[in-house]
Amino acid sequence: QKEVEQNSGPLSVPEGAIASLNCTYSDRGSQSFFWYRQYSGKSPELIMSIYSNGDKEDGRFTAQLNKASQYVSLLIRDSQPSDSATYLCAVNKSGGSNYKLTFGKGTLLTVNP
Amino acid sequence: EPEVTQTPSHQVTQMGQEVILRCVPISNHLYFYWYRQILGQKVEFLVSFYNNEISEKSEIFDDQFSVERPDGSNFTLKIRSTKLEDSAMYFCASSRSAGELFFGEGSRLTVL
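Residues numbered from 1 in each chain as written. Chains lettered and ligands numbered in written order. Predicted model: local features only at pLDDT ≥ 70, side-chain atom pairs only at ≥ 80, totals over all residues. Heavy atoms only, no water.

Chemist: I tried to follow the sheet that holds strand β6 (residues 54-58) of chain A on my own but got confused; where do I start?
Modeler: Hydrogen bonds between backbone groups are what pair the strands of a sheet, and the pairing can be parallel or antiparallel. Residues and elements named next belong to chain A. As summarised here, the arrangement of the five strands in space is β1-β3-β8-β7-β6, forming an open sheet in which the pairing is antiparallel. Two strands in the sheet have a free side with no partner beyond their single neighbour: β1 (4-6) and β6. Averaged over all pairs of adjacent strands, the angle between strand axes in this sheet comes to 20 degrees, irrespective of strand direction. The pairing of strand β7 (residues 61-66) with strand β8 (residues 71-76) spans six bridges and is classified as antiparallel. Across the sheet, Phe 61 pairs through a bridge with Ile 76, a residue of β8. (Pairing = 2+ DSSP bridges. Helix = DSSP H or I, 4+ residues; strand = E, 2+ residues; numbered from the N terminus. Axes fitted to C-alpha atoms, helices over the stretch in contact; angles between N-to-C directions.)

So, in structure tokens, the structure goes:
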């Protein structure tokens, strides 16, 4: 079983729509969850972090966490062409204090003008 | 806004040569990391470093790899004898706490 799984996409949405990105993880003891955005040829850029069950909103972005289902998602409202990128889900595995992140392969999002 | 800086941005080397990749983490961060991403693949953890020692390393981080913090600002990754399969983008990252890693722009390593 893959540690962090994401639908590779591509996910294509029209400008102004809501984009929904999903991620599941295998380590039930995972404590911290992150969404990174990666433009082609660039480094991962932190968008959101979430640590508790429920929703967390930041501007157009909402992260949702359900630890019982081992599921985390990212909603992007009012999607813009500039949101077109690969979105990486990352999970901090349980144990230790070194905050090692395990990444999924990412979902490619395309926002069409 | 503080950022992680990496040099060089691109290095081409011959198989068997030594390579050193350099990073300057964000100044008040305490945890430092190297990750790599082979073209088209996922970001993979290599090593984490805290309090002047390695805190965790992956299976990828074998005896050919080493890290060092030679002074108060730099954090380096050395590959002793490069192999073709070491060709990748290498990302340095740092964090203060809580796992929010901030990545540098990366160093692309091409091994011929």
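Chemist: Is there a simple way to explain the nonpolar core in this structure?
Modeler: Across soluble globular proteins, you tend to see nonpolar side chains buried next to one another. Counting residues in each nonpolar core, the largest one holds 23 residues, and the members touching the most others are Trp 35, Val 72, Leu 74, Ile 76 and Tyr 87 of chain A. With 21 residues, the next largest nonpolar core counts Val 4, Cys 23, Cys 92 and Leu 109 of chain B among its residues. (Core = buried A, V, L, I, M, F, W, Y, C linked by side-chain atoms within 4.5 Å. Buried < 20%, exposed > 50% of the residue type's maximum accessible area, 1.4 Å probe, protein only.)

Chemist: Please explain the interface of chain B and chain A as it appears in this structure.
Modeler: How big an interface is tends to be expressed through the accessible area that disappears when the partners come together. In this assembly, 22 residues from chain B lie in contact with 19 residues from chain A. When chain B packs against chain A, the two sides together hide about 1800 Å² of surface, and 55% of this comes from carbon and sulfur. Inspection of the chain B/chain A interface yields one salt bridge. Note that Glu 56 of chain B and Lys 100 of chain A form a salt bridge whose closest N and O atoms lie 3.5 Å from each other. Where chain B touches chain A, the interface holds six residue pairs in polar contact (both at pLDDT 80 or more). Sorting the residues of the side of chain B that touches chain A by element identifies β4 (31-37), β5 (44-50), β6 (53-57), β9 (88-95) and β10 (102-103) of chain B as the ones contributing at least two each. (Contact = heavy atoms within 4.5 Å. Buried area = accessible area lost by both parts, 1.4 Å probe. Salt bridge = Lys/Arg side-chain N within 4 Å of Asp/Glu carboxyl O. Polar contact = N/O pair within 3.5 Å; in protein donor to acceptor, adjacent residues only side chain to side chain.)

Chemist: Would you explain the sheet that holds strand β1 (residues 5-7) of chain B in this entry?
Modeler: Residues and elements named next belong to chain B. The strand order across the open sheet built from four strands is β1-β3-β8-β7, with neighbouring strands paired in antiparallel fashion. Edge strands, defined here as strands with exactly one partner in the open sheet, are β1 and β7 (65-68). Ignoring strand direction, the axes of neighbouring strands in this sheet form an average angle of 20 degrees. Two elements, β1 and strand β3 (residues 19-24), share three bridges in a ladder whose sense is antiparallel. Residue Gln 6 lies in a different strand from β3, and its bridge partner there is Cys 23.

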